[in-house]
Amino acid sequence: MTAIEIRDLAKSFGSVKAVDGVSFTVEAGSVTGYLGPNGAGKTTTLRSLLGLVTPDSGEALVDGRRYVTLPQPVSEVGAVLEATSFHPGRTALDHLRILCVAAGLPDQRAGESLEMVGLADVAGKRVGGFSLGMRQRLALSSALLGRPKIFILDEPANGLDPAGIEWLRGFLRHLAHDQGAAVLVSSHVLAEVEQTVDNVVIIAKGRLVRQGTLKELITNGDTAIRVRASNAADLAPALEAAGAAVERVEDGLLRVRGIDAEAVGQIALDRRVVLTEVTQERSDLQKVFLELTGER
Amino acid sequence: MIGLVKAELRKLFTTRLWWIMLIVMVVLVGVNLAFIIAFAGVSQNGGPALPERDTMEWAQVAWSVGSSGGIFVMILGVVMITSEYRYQTVTGTFLTTPRRERVIAAKLITGLLIGLLFALVILVFEAATVVPTVLLSGGEFSLAETRIPQVSVGILASLALYGLFGIGLGALVRNQIAGIVGAVVWAYVIESIFTAIPALHSVGKWLPGGAAQSLMSIDIDTGLGRPEWLPAWGGALVLVAYGLLFAVVASATTVRRDIT
Ligand SMILES: Nc1ncnc2c1ncn2[C@@H]1O[C@H](COP(=O)(O)OP(=O)(O)O)[C@@H](O)[C@H]1O
Ligand SMILES: [Mg+2]
């Protein structure tokens, strides 16, 4: 069954259309990045999915049901929303123990979950003294309490240092690929999640702009080929004649768009030009992302 | 529901506020008692005097001081719900229990329990001070001729219901400062006006403070005439009604709002 399904979801705050007809699905065993610039409507979507925000229209379902109708929500869905939702005077362990008893889970889950995110040492410390990164880990550990199979995380990398981000990537991949969980993770920085996600859903100004696998996203679009040749001046007109757009970068170096590498090689062979380099330029993800979201 | 009430108790007992409130409450009751001990039998400008310290009438007056703890339980009730919004822990609470009215119900029950706990502390404190005072003053302590048992039940009931009231109020206002200020202004300003001015008694007895007084079923002559309280059961009903009314109105309005 589809783990997460969003169908024609719409929600306005006053005159602001925060989410405007968004649809996508997340399957078990995969990580989906929900990407968009600040204010795109990511948080509103995720909170609608979790029953915290009531959508104006459309549906947001987990395991085919509305979150508020789940008999044991914590055991089906683990959610990480913002890192500030803690009482500063309460210890990390107490925070989790409160959630355990409210969810009908055994108390030892609290300690176990702290261990899973590497916070066992500070279990008895007040959250008020925690760094943002520690709070993110604590939020993640609260999502693990019920050992769910669906994870919904809103900007979990915020406030993490590079080592923390690396750890988070590994952790999310482990949840999805080893444990078969469905993971939906939002971010406004594509680079943060590009090494983690299998699928991407891109949203801007409340509307879906692109959805597909990460591979599709990075190979799609207008990628260029760098061509270095002994006799570039000769090669360029021939490429242009074949329909390519050629940019003369410097003496002996061309950037070619509109035809693929094989065609470049064939033309060079016909012209008896020696190629010294043919490189497919990898598209700059962040650039693609900014293009798609119209933020450039 | 038991799990949810346990969770609410844990929320309260894992932060510091509850024992700060408890200490402040005991100190306040203690200060009031000190005055009643000091001025026992002293007549002021020919006005009505407090009974002598060695009498059971005095003990009864001293005992009724415990009802002043209500405001602390009310504030605690307000904070129990408003701090969830203030620290955004409400997100985790509603994620764990998405049926929000169940959370409100658990908080109402917890408010009652906390009121009972605070009332018990007051009663123990009063027993530990009033009884020795009577005995040391040469009197004999015997409950038989007094209404101390009723007053005790009244203190238990009124503090428990103030807890309920505070939860309902907090759910309605959501803002912590507004809730606390509202509770204090209500208890010390508005209620006092309605109970001090005889012409307003007919309204005042229907207010939470007046209803709580009726639970004590003790007449204290303010010099402006004896207030006419509701019967004790009527007072209890009025307090329950306020708490539930607030909670129901809140559940239908503020509690349903989007958490963003
Ligand atoms: N409670 C709210 N009241 C008014 N506007 C809101 C509220 N929550 C979000 N918005 C608006 O909705 C839009 C989407 O916000 P959000 O979902 O938080 O975006 P994101 O998480 O992608 O940054 C923004 O324009 C934001 O200002
Ligand atoms: Mg957001």
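Being a predicted model, the structure only gives us computed values, none of them experimental.

Concerning the overall build of chain A
Alright, step 1. Looking only at helices and strands, chain A has 11 helices and 13 strands in total.
Alright, step 2. On the principal axes, the C-alpha backbone points of chain A span a range of 75 × 45 × 35 Å.
Alright, step 3. Counting over 296 residues, chain A shows a buried share of 51%.
Alright, step 4. If you take every contact in chain A between residues at least 6 apart in sequence, the share linking residues at least 24 apart comes to 68%.
Alright, step 5. Carbon and sulfur atoms provide 48% of the accessible area of chain A, an area that totals close to 13,000 Å².
Alright, step 6. Of the side chains in chain A, 32 bear a positive and 37 a negative charge, and the two mean positions are spaced by 4 Å.

What about the interface of chain B and chain A?
Alright, step 1. The partner chain A presents 33 residues to the 24 residues of chain B that form the contact.
Alright, step 2. When chain B packs against chain A, the two sides together hide about 2,500 Å² of surface, and 58% of this comes from carbon and sulfur.
Alright, step 3. Counting across the interface, chain B meets chain A through 2 salt bridges.
Alright, step 4. Linking D107 of chain A and R10 of chain B is a salt bridge whose minimum nitrogen-to-oxygen distance equals 2.7 Å.
Alright, step 5. Summed over the shared surface of chain B and chain A, the result is 11 residue pairs in polar contact (both at pLDDT 80 or more).
Alright, step 6. Its residues assigned to classes, the side of chain B that touches chain A shows 7 nonpolar, 9 polar and 8 charged.

Observations regarding the sheet that holds strand β2 (residues 16-26) of chain A
Residues and elements named next belong to chain A.
Alright, step 1. Pairing within the open sheet is antiparallel, and its 3 strands lie in the order β2-β1-β4. Lying at the two open borders of the sheet, with one neighbouring strand each, are β2 and β4 (57-62). Across this sheet, the average inter-strand angle for adjacent strands is 20°, counted without regard to direction.
Alright, step 2. Where strand β1 (residues 4-13) meets β2, 8 bridges bridge the pair, whose relative direction is antiparallel. From the neighbouring strand, E5 faces β2, where its bridge partner is T25.
Alright, step 3. Along the sheet, helix α1 (residues 42-49) makes contact with β1, β2 and β4, crossing β1 at roughly 120°.

Here is what the cut-offs are and how they apply
Residues numbered from 1 in each chain as written. Chains lettered and ligands numbered in written order. Predicted model: local features only at pLDDT ≥ 70, side-chain atom pairs only at ≥ 80, totals over all residues. Heavy atoms only, no water. Helix = DSSP H or I, 4+ residues; strand = E, 2+ residues; numbered from the N terminus. Buried < 20%, exposed > 50% of the residue type's maximum accessible area, 1.4 Å probe, protein only. Contact = heavy atoms within 4.5 Å. Areas by Shrake-Rupley, 256 points an atom, 1.4 Å probe, with all protein chains shown as cover. Lys, Arg positive; Asp, Glu negative; His and termini not counted. Charge placed at Lys NZ, Arg CZ, Asp CG, Glu CD. Buried area = accessible area lost by both parts, 1.4 Å probe. Salt bridge = Lys/Arg side-chain N within 4 Å of Asp/Glu carboxyl O. Polar contact = N/O pair within 3.5 Å; in protein donor to acceptor, adjacent residues only side chain to side chain. Nonpolar A, V, L, I, M, F, W, Y, C, P; charged D, E, K, R; others polar. Pairing = 2+ DSSP bridges. Axes fitted to C-alpha atoms, helices over the stretch in contact; angles between N-to-C directions.

Honestly, it's all geometry; don't read function into it.
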